[in-house]
Every structure is written in C-alpha cells, then in structure tokens.
Number of protein chains: 2
Amino acid sequence: MLTHIRSVALGRKPADLLLQNGRVVDVLTETIYEADVALADGRIAAVLPAGTPCEAAEIIDLAGAYVAPGLINAHCHVESSMAAPESYCAEELRWGVTTLITDPHEIANVAGAEGIRYMLRAGRQMPLNYYVELPSCVPATPWEHAGCVMEAAAIAELLEEPGVLGLGEMMNVPGVLHNDAEVLAKLRLFLKAGRIVDGHAPLLTGRELQAYAASGISTDHEVVSWEEAKEKLRAGLAVLVREGSASKNLRAILQGAVSEGIATRNFAFCTDDKHLADIRREGTIRHCVRQAVALGLPPAKALAIASINAAQIYGLRRLGAIAPGWQADIVVFKNLQDFEPLRVFHQGRDAWAVCAEIKPVTPPAVLRGSVRPAPFSAADFSLSKFLPDKEYPVIKMLPDNICTERGSIQGCEIASALAAGKLHLIAVLERHHGTGHLGLGLLQGYGLSDGAAATTVAHDSHNLIVAGTDPDAMAIAAQELVRVQGGYTLVQNGKVAGTVPLNICGLMSSADTENLIKSLENIAALAHAQGVPKNIDPFVSLSFMALPVIPRLRITDMGLFDVDKFQFVEGMGA
Amino acid sequence: MLTHIRSVALGRKPADLLLQNGRVVDVLTETIYEADVALADGRIAAVLPAGTPCEAAEIIDLAGAYVAPGLINAHCHVESSMAAPESYCAEELRWGVTTLITDPHEIANVAGAEGIRYMLRAGRQMPLNYYVELPSCVPATPWEHAGCVMEAAAIAELLEEPGVLGLGEMMNVPGVLHNDAEVLAKLRLFLKAGRIVDGHAPLLTGRELQAYAASGISTDHEVVSWEEAKEKLRAGLAVLVREGSASKNLRAILQGAVSEGIATRNFAFCTDDKHLADIRREGTIRHCVRQAVALGLPPAKALAIASINAAQIYGLRRLGAIAPGWQADIVVFKNLQDFEPLRVFHQGRDAWAVCAEIKPVTPPAVLRGSVRPAPFSAADFSLSKFLPDKEYPVIKMLPDNICTERGSIQGCEIASALAAGKLHLIAVLERHHGTGHLGLGLLQGYGLSDGAAATTVAHDSHNLIVAGTDPDAMAIAAQELVRVQGGYTLVQNGKVAGTVPLNICGLMSSADTENLIKSLENIAALAHAQGVPKNIDPFVSLSFMALPVIPRLRITDMGLFDVDKFQFVEGMGA
C-alpha cells in the first residue's frame, strides 16, 4: 500500500484526488501556507507547492479555502443526542468531525456488552474514526438498579474489540482514592495493556487530585474554571475542554489560558453531552474552535487543539495533521472566522456522500425490547402510601439547574397540593429485569397542571421515571412507554397527548434526524403548554431526578436518596 | 505499587524523598512555579504547594533551585564517544540526561546482534532509560565488507528485547524511494508492530521528501538549516535538532524557528556523534538547552523540547514532565541560564551515587577479539603495485571537512612524493572474517612526516585503516592493532610510538573516562607533532576515509571508490 502512495508522491502515478489551490493549516508548526494536497489509498500522499503538476483521477479547485485536519471530539456520549449512532455521526461529519471518542456509558447501563457492541458496529460503518472508551462505572452508583453490572472481567472481554481505545471516565473518585478492589482491577487491566484511562473528577484539587492523577488517569473533562484547568494540566492530566448543551466551560478555561499565555499542548475539545438540535445548529468541535478564535487564540493553534492535540493525547498515530503518510481526514473551511465546512473527507473519501449511502444497523431485538418493568398499576403510585400525620421530604426542582433542593410537606396536605398543581408525585420503576423495585416520592416546581410525563432516559441507570398530578395519569404514561418500548411521553386529560419513541434501549431513536428534532421540540412545547415553566426542560430535567450523585435529594428505583448524607431517607428507601 | 504512591500523595504514608523549596519547571504548560515534590516507588507521588507538611524518609532543601524533568538525548551513537556504554551513560547523567535513545549502528557493523545485545545489557544496568533503535543499514553500503549483514529477519529477532524501541535511521533513501525489497521488509516489520522508524535524509526535499515521509518514517536528525527544518516539520517529521562534535545545527534551525515564532512541538534535541572530551566539558542536551535559551527561547519551552517533546515523539508515556504518577526522572538546575545540574535523579534514586556503584559488564570474548584480518605483510602495501607509466587517482584530505577531493599522480612519481612526506599510502584491510580483502590507494594532505597511523574505527564497516609513508611502518601499525585487538596506533622510526586500545570491537575502550580522554589527547598530540596539520584530526579524519557515501573519493577493503560515479575506480577495486 505504501508503495503506491510513494509512487503518487513521486509523481509516477496519478493521485486519487488532488485538492488544488488550498491553504493548508499545518497544526504541527501552527503555520498556514498555500499548497496542493494529493491523496491516495486513503492517505495524504504529498503536500506540494501550489501549482505543482500532478495527475489525479479527480481534481477539486479549492479557490483559496483552508485545508485543515478533520476535527476530533475527544469525549462524548452519543446516546445523549437521542439519535442512533449513524445519525449522530452524520451530524458530526456535517460539521467537520472525523474522529469521535465516545463512551457508551448510557447504553451499557441498559444493555451491557450487547449495547456496547451495537454502538461499535453502528459507529464503525460510518466514514469517521469511531473510537470507544469502555464504561468504567456500570452501574454508576450502588443506590439504584441498572440493566447491567459490568465488573472488570466483563470489560476485559471487550478490550480487544476493534475500535476500543481505553477505559471511560472513572467517576468513582472515592473508589480510586480509597483503593476499591474492583476499581483498581479495572485500572490495572487497562494500564497494563498500555491503554488510556479517562478521568472524571469535578472540582478535585490538592492532594486528592495528585493521588487521582498518580493512579494512571490521563484526562479530565469536568473542568469548569481556569484555575482548575491549570492545576489539572500541571498534574499531568489532559484537559478536555467541554462545550456541551448544559455544561459550557470553554470560555472560562480559554480566557485564562490566553491571558496567561501558557502552552496548550494538553488541551483538547469535547462536548460530553450535546443535544441533536444544538449540534445541527452549530456543530460540536467546530463551535469550540470558533469560540476559541473569538477569544484570541490564533486559528492554527485552535485547530491544533481540535486535532493533533487530541490525537496525541489518545496515542493515535498519523492522525490529526495534513502531512504525507497521514490519514486523509480533512475538513475544508471557507474561512477561519466562522469555520463553516465546505467539504469533509475521511480516509480520502467524500464523507458526506458516503453518509448518504449508509444503511443503519438494525439494533438486536433485546435492545428494542428493553422496557420490562414488573406489572404495575395506579395503586403503586397511590396517595395512600403517605400517612396524614407524618412530614415528608420533597424534591424541589430548580430553574436552569440540575441540582435540587429539599423541601417538606405534611402528609395531610399532599392531596390538596397535588390538586392545585403545586406538587407532583414522582416514581422510578426498575425497568430492566422486572424486579418490581419502585421508588415513590414528591416533587415540587415541575409545574405540570394536569396529567403526567414519563421518560426512560433516566441518568445513569435509565429506569422509568414518571411524574404527575395523579396516579391514574402516571399509570397511563408508564404503560405508554412500555407499549412503545421506551421514550418520552405526555398524558393529558387521561390520554396520551404525545410520545417520542426511543426504540433503542429507551435512549435513542431510529427516526431520521430532522423528524427526531421536530418530535422532541413538539413534545417539549406540549409540556410547556401544560404548565412546565420555560426554564425547566420538561424531559431533560426530569431525567436527572434519578441521578443520586448530584445534590441534594433524588429518587431511584430503590427510594428517596439524600445526596448530602449519601443514604436513603429513612422509611422511604432501601 | 500505585496504591503506595496514592497513599503518599494523600499524606497517609511518608514519601521516599521530598524535594523542598524548589521551583518546578512544568513543561506541559511551560510555566514555572514554587512547589515541593514528593517521590515514592521511583515515581513522582505529588507536587505540593511549597511548605505543605509532608513526611519523608529523606528531605532535600533545594533553596530555590529549579526542578526540571530529566533530559532526553533523542538520537546518539554511544560508540562514537569511544567509551564503553557505562562510562558514556555516566557522562550523560553528569549533565542531566536521564533518557538515551541510541542506535548501536557502529557495533552492529562489527558484531551484529551480539554487539547490540552487549550494548543493551551494558546500558540497561545504568540509572537512565536506555532505549535502542535497531540499526537499519548494516552494512551501510554494498561497497565494503562489514562484520555482519543484518537483514530484516536478523533484526526481527531483536524486536522484543527489552529496551528496543524502533528502527534506527533509515539511511538508504534511494532504497525507500525505489522500493528495495529488503528496505521495505524492514519498514513493514516495525510499522506493523506499531514501532517508530527513524529517518536520515540529508537535504532531501520536494516530492522525494514527501515520498520518504509518507513511508512511515517519523524523524530526521540531518537537518542543517531553518528552511529545511520547516519543510520537514510540515512533512510530519519530528526534527531532532543536532548539536554534536562535528555537526552543529542548532543555531541555524532555532534562530529561524524563534524569529518566525512557529510551534516547537515536533522538535527534540540530539547529539548524533559527540566526543567524550566535548561531553565532559559541556554535556549534551544541557548544552542544547543553554544555547536555545541564549537564542531567545523561553527556558520552559527549551526544556520542553529537551524532555516531553522527545518523549511524545517516541511514545514514552509518563516520562518527561514533573507530574504525579510520572517517572521520577529529575534534574535540578542551579539556574536557567547556564543550566548547571546540581542533582540528577532516575526513578527517584540519586543517579550519580548509583553510577559510582556500578560494575561494567564484561564484553563477551568475541567482542574483545574482533580484529581478525587475514595474514598480511609489508609486501601487501608495496610500491610495486603501482606501475610507473600509469596515472593514479589520489584521495585529497581537506582541512576541517570530511569530504575529500580527487587528485592524481604518475606512478613514477609516487616514490619521491612518499619520501618527501607529500603523499601517503593508505590501505583498508578487511578485519572481521579474515577474507584477505585489501584496498590500497594514495592519500594527500595527511602530513605525517614519517611512519604510519592506523585505526579500527573506520566508518561504517570498521575495517582496519592504515596510512603511512612506507610499507614497513604500515605493517607494524596494523600488526599493533591486531595485537591489542583494535584501537588507534602511531608508528614512528619503525616503532610503535603510542597506542590507544579500543578493546570492545575496536571501537570502544573499557578504560575509565579520565584516562581515555587523556590517551586520546596524547596520541593526537603525538601525531600532530609528527606532522599532521592542526586542522586535520589525525584519527577521526582518517576514520572517515573509508566511508563510501561522502564525496568524492574513498577507499574500502574492496578498493578505491568514486563517490561521484558511485562505482569503484577502474583497475583499483572490485
């Protein structure tokens, strides 16, 4: 193969494709220069002085546009887009990302290895480099039942799957610091194999940060401030600067970096969680690059962060630059202000054209039948579960914030508060193994004036969450999600008012992107019309009510959980 | 092991060593900050704010000195120092180098795999990271007989030896460009195994450079100008900026880089060939860093080139920075102007103290008995080999230059020119396998007024070179080198006037460094006193007369070689 590439470089054989009259953004020297780029066998064969005679099967005149390496999204969860991997990848490609490093943490919580294998199969057929970091924390906590428990042995079986790079974000920081045997077994497995281990260490600092970094962990994407970034970079961690739908950390970090003029070699860009509509509107890493340049970073340096830096951090050789012998992953930008992609190539092929031809993988039946709670009825959500003379804690939703506060109410006041739409019942039903685990609690601030809303996207174990003004509506909503095998649904006046089926594990939809975005917008609009305040996302906010690691009060299938005390509320949980 | 390091980081267990009150040079962010550095189990356990309480078995107060990562010499030939590996490494450590990437090309030309294994064994016991790039071109050319022929299969056997990194400098540029089967087999072997391949491409440019780089070659240390550096960096090659005894390229390259302000991520520093006395006087990479700073590079950036850059280029993880979990390879500098090392640590141990305790490996007998020419006598160098009525080419040595010019002389004039000391006989004897191959020619400009000089260091095949004013003196000199089994020798008035034995393959000496430097200085002084001009190094210049790849006329054991025509001179060679 290299023999042919050499012949093309030497001008003895025609190139497959010649990109003429472009300006190459060289992220290795951070310089920009005029050149023609000859491709062969999926690689860059030669970067030639503009106008060098060069035969090619196809010639594209770039008329001064910029030839940059394909962008790298260094950390994302495809499932968070709710699109199937193929649709997600197509959106990334639309905006110039040719390498994706994804942690299929969400699907693993539902379907374990089977889910991960599906994500690999679906992603790998796309015209981008689809790399997987294996989920390190399934389930994420011991206070909920997930669809799967993945211990070191289960993960080891996936280590040699093509596309698997390393171990996904190690969220169990206490487990690392206190030598939890299972956590150490996972770290050992990957470090011994020379693989990378991603971190997840929000606000970790001082000696604990030093100990965490000393454990062989290489990255962190949870950094929210410049001071935190500097401390983590100095601790040897690569900082994956995150700009997602909810968490936007780029400005805070890069403003500091620019003003102090530090070396940026250990920065990369990532999204972590970004919604489909947001990606369609502005892209992912392209949006990061654009913002970085607006903050004062030279374009070639911003593009270096978006390409070669991530490649080096993850040990991907000959990826992330425009140079002979390197993989021909290329994005052509119209200019270096708004970074609008004109063309995207993966391994030398027109990635957009290839996308259009791809038939999505059909998810295995088990992934399409993942909503299997034990039989339930309205009685399971009955008000009779609350004693009139007892005081009960209430989960208070906050606007524009996934944290909650803790309120309280007397048992005898619950019925009238529900009737007035000032309080809601909230339940989490174990939906993976039909065990019948069901947590029931009270919710304030959701605003739904009547009926119920339900979702099978429920971080991190993805049980079935349903919230409503009365038990009957809640039962109808939950039944609807069993019927469609997962998704979002809204009940009004005792009837289903709208449903977005998420047929793949109750997390992702096989619908096409345009329709999926519209359905999601429609059901959110319906919910807002039904009373959910504008500053609360009707389904996304709901899906975080079951995440027992974020303050202060949460509900899981095992009951009401007090995050401050790290234990279930007495009398209301396991 | 990591469990203990974590405990130290957390302050639960005492560190092995605490470096207090230092200023850490962080090459990842290129910033410098005050901190205490705690070491445990050969790694950095924690970098703590200065003054943090931290128990330790030993505490060193650095009083404001600079704590930098141990330096990396990215490309060198240990044999060129003529010191045994242990002595060479001790000199490197004296000046702060804790990682050495060496290509045992010279010893491989004498003793093949046996020689490489000895270099690995000897180097690996030293307190530094001793990495070997396997020689790619043994013999270097088809126009001479080396001690060994190493084809791909022979190299493959060494691939898994501990310490072996990749393939050494691929000097056979035409072989790469014209798809020589043996060259391609070697490239494939290393690239398939995910190993690095070093380049060697003096002045290669344009399409040929593109083709060479596209072949999977990663580095080049032959760059002599800024323009050449820029083209090669853009071609994706790491430029190993060389500052050796003869080739000094740093100033030309870095001046350009500084003035254009390009990114320096793909620069590293190396020496290629540096003499022992030069190293003792000024060090290797420390000398590069000092010069780079004098040229205007910020100290932290210059140190980054000297450490983390090389580590990343060669894929060495957790090496080359001061950060928790990274290998505790540290050099403490008094200041950031002259970069005088105050202390050097390798894997947390005081490297200088460890050096003092090490007993050198005894080279295997075959390496100590490597000078085995077929029987010879003065008659083999006889004037009668030259016909009086024929014109003969003459190798003209040039001052301060290893290139030669081509002169000529009539056969009938040779005797008187020899007698007047204006001409010398020069012979190369195959010395590895007793084949009796012997090339005889004429040399001008060497200046020796009487007697003969001989050496078994004879690039690249290291046969026995002897030059003199008469056949008898030459025979005595050559015999002396057989007697001592290699080295330098000088004959005056029919007797050996001085000898420096190089008992290891006729290339390196087991003598201690101080004595070896003195002996080398003494014999050179003797030769100068005997007439060799000041601007010709009596033995080093002689050793290059057998290298048939440098213009214009050379002599090998196969005869007189015309480098311009790439063929032997008619009637004077194979």
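Details of the structure are given in the entry above.
To start, this report covers the structure provided alongside it. (Residues numbered from 1 in each chain as written. Chains lettered and ligands numbered in written order. Predicted model: local features only at pLDDT ≥ 70, side-chain atom pairs only at ≥ 80, totals over all residues. Heavy atoms only, no water.)

Observations concerning the nonpolar core
One broad trend across soluble globular proteins is that nonpolar side chains are buried collectively. Here is the rule we go by: Working definition of a nonpolar core: buried Ala, Val, Leu, Ile, Met, Phe, Trp, Tyr and Cys residues. They are joined through side-chain atoms within 4.5 Å. Between buried and exposed lies partly exposed: a residue is buried under 20% and exposed over 50% of the maximum accessible area for its type, with that area taken using a 1.4 Å probe on protein chains only. Where helices and strands are cited, they refer to DSSP runs of H or I of at least four residues and of E of at least two residues respectively, numbered from the N terminus. Should any heavy atoms of two residues lie within 4.5 Å, those residues are counted as being in contact.
Ranked by internal contacts, the top residues of the largest apolar core, which has 178 residues, are B:Leu254, B:Phe267, B:Phe269, B:Leu303, B:Tyr446, B:Val466 and B:Tyr488. With 9 residues, the top contributor of residues to this core is helix H3 (residues 105-124) of chain B. If we skip the residues at most four places from it in the chain, B:Phe267 touches B:Trp226, B:Ala229, B:Leu233, B:Val239, B:Val241, B:Ile253, B:Leu254, B:Ala257, B:Ile262, B:Ile305, B:Asn309 and B:Ile313. Listed in part, the 175 residues of the second largest apolar core include A:Tyr88, A:Cys288, A:Ile414 and A:Leu425.

Description of the interface of chain A and chain B
Formally: Buried area is a sum: the accessible area each of two parts loses on coming together, probed at 1.4 Å, counted once for each and added. We define a salt bridge as a side-chain nitrogen of Lys or Arg found within 4 Å of a carboxyl oxygen belonging to Asp or Glu.
Each side of the interface is counted separately: chain A has 64 residues, and chain B has 64 residues. Between chain A and chain B the total buried area reaches about 4,900 Å² when both faces are included, carbon and sulfur atoms providing 48% of it. Contact with chain B buries area across many residues of chain A, yet A:Arg207, A:Arg234 and A:Arg265 alone supply 19% of it, more than any other trio. Where chain A meets chain B, there are 0 salt bridges.

As for the side chain of B:His77
Residue and element names in this part refer to chain B. Inclusion rule: Polar contacts, as used here, are pairs of N or O atoms within 3.5 Å; protein pairs need one atom able to donate a hydrogen and one able to accept it. Residues neighboring in sequence count only if both atoms are side-chain atoms.
Locating histidine 77 in the fold gives a position in the loop between strand S6 (71-76) and helix H2 (85-94). Accessibility expressed as a relative area gives 4% for histidine 77, which makes it buried. Reaching out from histidine 77, the side chain makes a polar contact with the side chain of glutamate 169 at a distance of 2.7 Å. Dropping the residues within four chain positions of it, histidine 77 is found in contact with Thr102, Asp103, His105, Glu169, Asp272 and Asp273.

Some thoughts on the packing of aromatic side chains
Residue and element names in this part refer to chain A. For clarity, the cut-off: Note on ring pairs: Phe, Tyr and Trp rings are taken, using the six-membered ring of Trp, and paired if centres are within 6.5 Å. Classes follow the plane angle, with under 30 degrees stacked, over 60 edge-to-face and the rest tilted.
On inspection of all chains with the given rule, the structure shows 16 aromatic pairs over all chains. When the ring of phenylalanine 376 is compared with that of phenylalanine 381, the centres are 6.3 Å apart and the planes differ by 50 degrees; the resulting orientation is tilted. The exposure class assigned to phenylalanine 381 is buried, which follows from its relative accessible area of 0%. Taken together, the aromatic side chains of Trp143, Phe561, Phe566 and Phe568 make up a single cluster linked through ring pairs.

Some remarks on the relation of the copies chain A and chain B
Two copies of one chain are present, and they are related through a rotation about an axis combined with an axial shift. Stated formally: Least squares is the method for superposing the copies, and the C-alpha atoms it fits come from residues with pLDDT of at least 70 in both.
Of the transformation superimposing chain A on chain B, the axial component is 0.0 Å and the angular component is 180 degrees, with the fit at an RMSD of 0.1 Å. Taken together, the rotation angle and the small translation identify this as a two-fold axis. In this assembly, 100% of the residues forming the interface of chain A have copies in chain B that are likewise at the interface, indicating an isologous arrangement.

Overview of the state of the cysteines
Counted only if it meets this: Disulfides are defined as pairs of cysteine sulfur atoms found within 2.5 Å of each other.
Taken as a whole, this structure holds 0 disulfides over all chains when the rule is applied. The thiol sulfur of A:Cys89 is not disulfide-bonded, and the nearest other cysteine sulfur, from A:Cys355, lies at 7.8 Å.

So, the sheet that holds strand S26 (residues 559-562) of chain A
Residue and element names in this part refer to chain A. The criterion, for reference: At least two bridges found by DSSP between two strands is the condition for calling them paired. The convention used is that axes are lines fitted to C-alpha atoms, helices contributing only their stretch in contact, and that angles between N-to-C directions extend from 0 to 180 degrees.
Taken in spatial order, the 3 strands of this open sheet run S25-S26-S27, and their pairing is antiparallel. What marks the edges here is a single partner per strand, and that holds for strand S25 (553-556) and strand S27 (567-573). Each adjacent strand pair in this sheet contributes to an overall mean axis angle of 35 degrees, direction not counted. Direction of pairing for S25 relative to S26: antiparallel, over a ladder of 4 bridges. Among the inter-strand pairings, arginine 554 is bridged to a residue of S26, identified as phenylalanine 561.

Brief notes about the pattern of salt bridges
Counted under the stated rule, the structure contains 34 salt bridges over all chains. The partner of A:Lys232 in a salt bridge is A:Asp220, with the nearest N and O atoms 2.6 Å apart. Of this pair, A:Lys232 sits in helix H8 (residues 226-234) while A:Asp220 sits in strand S11 (residues 219-220), and the two are 12 residues apart along the sequence. Each of the two residues, A:Lys232 as well as A:Asp220, counts as buried. B:Arg117 is paired through a salt bridge with B:Glu161; the nearest N and O atoms lie 3.1 Å apart. Placement of the pair is B:Arg117 in helix H3 and B:Glu161 in the loop between helix H4 (152-156) and strand S9 (164-170), with a sequence separation of 44 residues.

Points about unusual backbone geometry
Residues and elements named next belong to chain A. Cis peptide bonds are those with omega within 30 degrees of zero, and the linkage from valine 138 to proline 139 qualifies with -5 degrees. Take proline 139: it is sitting in the loop between strand S8 (129-134) and helix H4 (152-156). In this structure, arginine 552 follows proline 551 across a cis peptide bond, with omega equal to -5 degrees. Residue placement: arginine 552 occurs in the loop between helix H18 (540-543) and S25. Positive phi, normally seen in glycine, also occurs at asparagine 493, with a value near 50 degrees. By the element assignment, asparagine 493 lies in the loop between strand S23 (487-492) and strand S24 (495-501). Looking at asparagine 493, the relative accessible area reads 66%, which means it is exposed.

As for H3(B)
All names here are of chain B. As a reminder of what qualifies: The length a helix should cover is 1.5 Å for every residue beyond the first. To obtain the bend at a residue, axes are fitted to the seven residues ending there and to the seven starting there, and the angle between these axes is taken.
In a regular helix each residue adds 1.5 Å, so 20 residues correspond to 28 Å; H3 covers only 17 Å between its end C-alpha atoms and thus falls short of that length. In the structure, H3 departs most strongly from a straight axis at alanine 111, where the bend amounts to approximately 135 degrees. Among the 20 residues of H3, 15 are classified as buried, and the element is accordingly described as predominantly covered.

Regarding the packing of helix H1 (residues 2-10) of chain A against helix H7 (residues 206-213) of chain B
How we decide: Roughly parallel covers angles under 35 degrees, roughly antiparallel covers those over 145, roughly perpendicular covers 65 to 115, and oblique covers all other angles. Less than a right angle of anticlockwise turn of the near helix away from the far helix marks a crossing as left-handed, whereas a clockwise turn marks it as right-handed. Residues are grouped as follows: Ala, Val, Leu, Ile, Met, Phe, Trp, Tyr, Cys and Pro are nonpolar; Asp, Glu, Lys and Arg are charged; all remaining types, including Gly, are polar.
For the pair H1(A) and H7(B), the least separation of the axes is 8 Å and the interaxial angle reads 165 degrees. With respect to H7(B), the axis of H1(A) lies roughly antiparallel. In this structure, the crossing between H1(A) and H7(B) has a hand that is right-handed. Of H7(B), the residues touching H1(A) (which contributes A:Arg6, A:Val8, A:Ala9 and A:Leu10) are B:Arg207, B:Glu208, B:Gln210 and B:Ala211. Each residue belonging to the contact of H1(A) with H7(B) can be placed in one class, and the counts come to 4 nonpolar, 1 polar and 3 charged.

Description of the pairing of S24(A)
All names here are of chain A. Bridging between S23 and S24 involves 6 bridges; their strand directions are antiparallel. Counterpart to glutamine 492 in the pairing with S24 is lysine 495. Between S23 and S24, which pair antiparallel and follow one another directly, the connecting turn spans 2 residues, one of which, asparagine 493, has a positive phi of 50 degrees.

Side note on the environment of B:Leu560
Residues and elements named next belong to chain B. With respect to the helices and strands, the residue leucine 560 is situated in strand S26 (residues 559-562). Judged by its relative accessible area of 0%, leucine 560 is buried. Along the backbone, leucine 560 and glutamate 570 are 10 residues apart, and their C-alpha atoms lie at a distance of 8.6 Å. Setting aside anything within four residues of it in sequence, one finds leucine 560 in contact with Pro393, Ile395, Leu553, Arg554, Ile555, Phe568, Val569, Met572 and Gly573.

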